[in-house]
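# Residue-level structure breakdown
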Amino acid sequence: MSDKEISQAVIIRLPRYFRYLGELIDEGYERISSKELSERMHITASQVRQDLNLFGGFGQQGYGYNVKELHEEIGKILGLDRKHNLIIIGAGNLGQALANYMNFEKRGFLIKGIFDQYPERCNVNVRGLQIHSMNELETFIADNAIDIAVLTIPKSAALETSKRLVACGIGAIWNFAHVDLDVPENVVVENVHLSDSLMKLSYRFHCMKEQNEDL
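A brief report on the enclosed structure follows. Not measured: the values here are computed from a predicted model.

Calculation rules
- Numbers given for residues are sequential positions, taken from 1 along each chain in its written order.
- Owing to the predicted nature of the model, reporting of local features is limited to residues with pLDDT of at least 70; listing and counting of side-chain atom pairs is limited to 80 or more, with chain, interface and lining totals taken over all residues.
- To obtain the side-chain values, all non-hydrogen atoms of the structure were included, while hydrogens and water were left out.
- Labels follow the DSSP assignment, with helices taken as runs of H or I lasting at least four residues and strands as runs of E lasting at least two, numbered in each case from the N terminus.
- Exposure is judged per residue with a 1.4 Å probe applied to protein chains only, and the accessible area is read against the type maximum: over 50% gives exposed, under 20% gives buried, and values in between give partly exposed.
- Whether two residues are in contact is decided by their heavy atoms, any of which lying within 4.5 Å being enough.
- Every angle, taken between N-to-C directions, lies between 0 and 180 degrees, and every axis is a line fitted to C-alpha atoms, over only the stretch in contact when it is a helix.
- With respect to orientation, any angle under 35 degrees is reported as roughly parallel, any angle over 145 as roughly antiparallel, any angle of 65 to 115 as roughly perpendicular, and every other angle as oblique.
- Classification convention: Asp, Glu, Lys, Arg as charged; Ala, Val, Leu, Ile, Met, Phe, Trp, Tyr, Cys, Pro as nonpolar; all other residues, Gly among them, as polar.
- Between 30 and 60 degrees the pair is tilted, below 30 it is stacked and above 60 it is edge-to-face, where a pair is any two Phe, Tyr or Trp rings, Trp via its six-membered ring, whose centres lie within 6.5 Å.
- Counted as salt bridges are all cases of a side-chain nitrogen of Lys or Arg within 4 Å of a carboxyl oxygen of Asp or Glu.
- The pairing criterion is simple: DSSP has to find at least two bridges between the two strands.
- The arc under discussion is defined with respect to the helix axis, by the directions toward the C-beta atoms.
- A 3.5 Å cut-off defines polar contacts: any pair of N or O atoms within that distance qualifies, except that in protein one atom must be a possible hydrogen donor and the other a possible acceptor, and neighbouring residues in sequence count only when both atoms are side-chain atoms.

## What about the side chain of Ser38?
- Within the secondary structure layout, Ser38 lies in helix H2 (residues 34–41).
- When its relative accessible area of 5% is taken as the criterion, Ser38 is described as buried.
- If sequence neighbours within four positions are ignored, Ser38 has contacts with Ile43, Thr44, Ala45 and Val48.

## Concerning the packing of helix H1 (residues 8–26) against H2
- In contact at an axis separation of 11 Å, H1 and H2 are set at 105 degrees when each is read in the N-to-C sense. Put simply, H1 runs roughly perpendicular to H2. Side by side, H1 and H2 meet where Arg13, Arg16, Tyr17, Tyr20 and Leu24 of the first sit next to Leu37, Arg40 and Met41 of the second.
- For the contact of H1 with H2, the class distribution of residues is five nonpolar, no polar and three charged.

## Some words on the packing of aromatic side chains
- In the structure shown here, the tally under the stated rule is four aromatic pairs.
- Ring centres of Phe104 and Trp174 lie 5.8 Å apart, and the angle between their planes is 85 degrees; this geometry places the pair in the edge-to-face category. Separated by 70 residues along the polypeptide, Phe104 in helix H6 (residues 103–106) and Trp174 in strand S8 (residues 172–175) bring together distant segments of the chain.
- Residue classification places Phe104 among the buried residues on the basis of a relative accessible area of 14%.
- Seen in terms of ring centroids, Phe115 and Phe140 are 5.2 Å apart; in terms of plane orientation they differ by 80 degrees. Their pairing is edge-to-face. With Phe115 in strand S4 (residues 109–116) and Phe140 in helix H7 (residues 137–144), this residue pair connects regions lying 25 residues apart in the sequence.

## Observations concerning the pattern of salt bridges
- For the structure on display, the rule yields eight salt bridges.
- Among the salt bridges present, the one from Arg40 reaches Glu27, with a minimum N-O distance of 2.8 Å. Of this pair, Arg40 sits in helix H2 while Glu27 sits in the loop between H1 and strand S1 (31–32); the two residues are 13 residues apart in sequence, bridging distant segments of the chain.
- Look at Glu27 and you get partly exposed, because its relative accessible area is 46%.
- Here Arg121 makes a salt bridge to Asp116, at a shortest N to O gap of 2.9 Å.

## Brief notes about the sheet that holds S8
- Here seven strands make up an open sheet; going across it, the order is S5-S6-S4-S3-S7-S8-S9 and the pairing mixed. Of all strands in the sheet, those bounded by a partner on one side alone are strand S5 (125–126) and strand S9 (188–191).
- As paired strands, S5 and strand S6 (residues 129–133) are joined by two bridges and run antiparallel to one another. Directly across from Val126, in S6, lies its bridge partner Leu129.
- Across the sheet, H7 touches strand S3 (84–89), S4 and S6, and the angle it forms with S3 is around 165 degrees.

## Focus: helix H4 (residues 67–77)
- For H4, the complete set of buried residues consists of Val67, Leu70, His71, Ile74 and Gly75. The buried side chains of H4 occupy one side of the element, clustering within an arc of 140 degrees when seen end-on.
- Close packing links the buried residues of H4 with H1, S1, helix H3 (45–53) and strand S2 (65–66).
- If you check the start of H4, you find a side-chain oxygen 3.2 Å away from the backbone N of Lys68, and it comes from Asn66.
- Following H4 by one or two positions, Gly79 has its phi on the positive side, about 80 degrees.

Given below as C-alpha cells:
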C-alpha cells in the first residue's frame, strides 16, 4: 500500500503505536486488546482497529494483539527493520544535540557525519563524529551511501543546500530550517518547525484557560 493511500492522521499515529507497544513489552505484556491499547493512546478502540486493518489487521478475535509481534510489524511498516545512513548539516546547538541523541541508532538511523560552513567548527568531534567542511559534502555522500540528510541550518542556506543534496541522490530530508524546500516529488521531506509547534501549544493553552474561566 502506498503512502498516498494512507491518511496523514494514520501515519502520525504509527510512531505512537510503536512507542506504546515498546513500553508494553518493557512492562511484560504479551497481548493486549484494542480497547486496552486505545485507552493508553487516548483514541477509540474502533480507531485502533481501523488503523491496523489498513496494514492487515494483526489481531485475533477473542485474543487481541500479540504485543511483541505487533511491535515488530509496525516497526517494519515504519522501515525500522532496515539501517539508514544519515548526515547532519549544521553543527550549531541543535545539530550537536541531535548528534548526541543516541536513540537514533537504536532505531536504525546511523549518523555518519556532521557538516558545517564555518571553518572554526570543522575538525571538531561530537560524540566521536568529525565535523566536516561543506566542501566535502558531495564526496562524503558518495563514499558513505548516505540516505537521509538532516538540515539544522538557517533558512537562507537551506534552499541551496537542498539542491546540492538532491543532486547527490539524497532521498529524504529531515528539515529543521524554517523554510519550505522545493524538491522533486521523489524526495521525501519531513518539516520540523519548532516555532510552529510552540505556537500551537500556546493556542491550545490559551483555549484551555478561556474554557476554565468560563466555568
